[in-house]
Amino acid sequence: MKIEIKDKSLMMIFLLEECNFKCAHCGREDEPMDPGYKLSFDQLQRCLSDCRNLKSINWIHFSGGEPTLWKEGTRDLVNLLLEIVDAGYTPGFTTNGSLFVNYDRCRDFFSLYTDCSTVPLRLYFSIDTFHKNYNAKKGRAKSLDNIIRLKKELSREKADLLNVSIIVTVSKDVDSLLPDEMIKNYESREIKFGFIPLYPMGKAKSFSHLCPDLDSDNPEGLGAYRRYYKKEDRKKPGDAEDRLRTDHIILIGNDYYFSDPWYKVGRLGYLPNGIIRAYSAKP
Ligand code: SF4
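Residues numbered from 1 in each chain as written. Predicted model: local features only at pLDDT ≥ 70, side-chain atom pairs only at ≥ 80, totals over all residues. Heavy atoms only, no water.

**Points about the overall build of the chain**
In terms of helices and strands, the chain carries eight helices and 13 strands. Relative to its length of 283 residues, the chain is compact, with a C-alpha radius of gyration of 19 Å against a globular reference of 19 Å. Principal-axis analysis of the C-alpha atoms places the extent of the chain at approximately 55 × 50 × 35 Å. Burial analysis of the chain (283 residues in total) assigns 48% to the buried set. Approximately 14,500 Å² of the chain is accessible, and the part contributed by carbon and sulfur atoms is 49%. Positive and negative side-chain charges of the chain, numbering 43 and 41 respectively, have mean locations separated by a distance of 2 Å. (Helix = DSSP H or I, 4+ residues; strand = E, 2+ residues; numbered from the N terminus. Rg over C-alpha atoms; globule rule 2.2 N^0.38 Å. Buried < 20%, exposed > 50% of the residue type's maximum accessible area, 1.4 Å probe, protein only. Areas by Shrake-Rupley, 256 points an atom, 1.4 Å probe, with all protein chains shown as cover. Lys, Arg positive; Asp, Glu negative; His and termini not counted. Charge placed at Lys NZ, Arg CZ, Asp CG, Glu CD.)

As structure tokens, then:
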């Protein structure tokens, strides 16, 4: 079977299993993280050392669980992001935004980053009807409004380091769409949106009838997701049989994985030559 890696620029690190949300569609139970799992600072440093052999990687991104809950002694997520910057990479993380609902915490977190770094930070907020982390009547999210306020208070140079995108999960159900006015409002403030279909994984398997059917010839199968569907997303004949497409390499604990389906491809301190070769060319 041929392995085709779509994004060779990204190292994804699952930082911890803990989360302060209970989303109905959460996929963690299908991911190879044990309950209570947490990556250590030492494991991050060993991963950064491995990345020197993976020449095409330029972006290191934290996911979870909720990455802002990570702590080890006096270190928190900002320390990890700055460690990535020191190693020469662009840092990023995906969050449910809960830490940033409080303006003082939002300011303290990002001011520390912008005071200590000149490298843009990639911030992805998961905001949608499954996370329930916005005011549906007003079409506003407190976490985003706080970042917008903070960016106005920072110098232009520092504000430009905070690149904010919103990831929206959309099911077949029209009620899973965000209000159009909300999207226009945040787009006008330089916030980008990305829309992804609900996938039948984790808890979402229990309501998989709401997952858009990306392989069907019938557009009705896409439901509300039809608005965001791109034809090139569709699987090509033969993909499943002779080609495994994988997005990027993922670190969980001491192990590197490809996902969908999940399988191990290496360990911290040991990556097979085939993987090192695949990542040898700059993207
Ligand atoms: S915020 Fe993310 S990790 Fe937490 S429960 Fe929701 S989907 Fe799961």
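**Quick word on the pattern of salt bridges**
Where charged atoms from two side chains of opposite charge come close, those side chains can pair. Inspection of every chain in the model, using the stated rule, returns 15 salt bridges. Among the salt bridges present, the one from Asp30 reaches Lys205, with a minimum N-O distance of 2.6 Å. Residue Asp30 is located in the loop between strand 2 (10-14) and helix 1 (41-51), and its partner Lys205 is located in the loop between strand 9 (192-197) and helix 7 (239-242); the two are separated by 175 residues in the primary sequence. On the accessibility criterion, Asp30 (31% relative accessible area) is partly exposed. Among the residues examined, Lys205 registers a relative accessible area of 41% and is labelled partly exposed. Between Asp180 and Arg227 there is a salt bridge, with its nearest N and O atoms 2.9 Å apart. With Asp180 in helix 6 (residues 180-187) and Arg227 in the loop between strand 9 and helix 7, the pair connects residues that are 47 residues apart, well separated along the chain. By sharing partners, the salt bridges in this structure join Asp104, Arg107 and Asp108 into a single network. (Salt bridge = Lys/Arg side-chain N within 4 Å of Asp/Glu carboxyl O.)

**What about helix 6?**
Burial in helix 6 covers these residues: Met182, Ile183, Asn185 and Tyr186. Burial along helix 6 is one-sided: seen end-on, the buried residues are contained in an arc of 160°. (Arc of directions from axis to C-beta.)

**Focus on the sheet that holds strand 11 (residues 249-252)**
Sheet architecture is open: nine strands sit in the order 9-8-7-6-3-2-11-12-13, paired in mixed fashion. One side of each edge strand has no neighbouring strand; the edge strands of this open sheet are strand 9 and strand 13 (263-267). Across the sheet, the mean angle separating the axes of adjacent strands is 25° when strand polarity is ignored. Sheet topology note: the strand 2/strand 3 (residues 59-63) ladder contains five bridges and is parallel. Considered in strand 3, the bridge of Ile13 is made with Phe62. (Pairing = 2+ DSSP bridges. Axes fitted to C-alpha atoms, helices over the stretch in contact; angles between N-to-C directions.)

**Structural notes on the packing of aromatic side chains**
Within a pair of aromatic rings, the relevant descriptors are the distance that separates the centres and the angle that separates the planes. The tally for this structure, following the rule as stated, stands at 14 aromatic pairs. Ring geometry for Phe100 versus Phe125: centroids 6.0 Å apart, planes at 55°, classification tilted. Taken together, the residues span a long stretch of sequence, with Phe100 in the loop between strand 6 (90-95) and helix 3 (103-116) and Phe125 in strand 7 (residues 121-126) at a distance of 25 residues. Taken individually, Phe100 and Phe125 each receive the classification buried, so the pair is uniform in this respect. (Phe/Tyr/Trp six-rings, centres within 6.5 Å; stacked < 30°, edge-to-face > 60°.)

**What about the side chain of Ser63?**
Assignment of secondary structure puts Ser63 in strand 3. Non-local contacts of Ser63, meaning those with residues more than four positions away in its chain, are made with Met12, Ile13, Phe14, Leu15 and Leu16. (Contact = heavy atoms within 4.5 Å.)

**A short note on the packing of helix 3 against helix 4 (residues 142-153)**
Where helix 3 meets helix 4, the axes come as close as 10 Å, and the angle between the chain directions of the two elements is 55°. Here helix 3 lies oblique to helix 4, going by the angle between them. At the point where helix 3 passes helix 4, the crossing takes the right-handed sense. Along the contact surface, helix 3 presents Tyr103, Cys106, Arg107, Phe110 and Ser111, while helix 4 presents Asn146, Ile147, Arg149, Leu150 and Glu153. (Parallel < 35°, antiparallel > 145°, perpendicular 65-115°, else oblique. Left-handed = near helix turned anticlockwise from the far one by under 90°.)

**Topic: the pairing of strand 11**
Neither face of strand 11 is left uncovered, since the one carrying Ile249 and Leu251 and the one carrying Ile250 and Ile252 both have all their residues buried. Here strand 2 pairs with strand 11 via three bridges, running parallel. Bridged to Met11 within strand 11 is Ile249. By the bridge criterion, three bridges tie strand 11 to strand 12 (residues 255-258) in an arrangement that is antiparallel. Residue pairing across strands places Leu251 opposite Tyr256, the latter belonging to strand 12. If you look at the hairpin formed by strand 11 and strand 12, you'll find two residues sitting between the two strands, and Gly253 has a positive phi there, around 65°.

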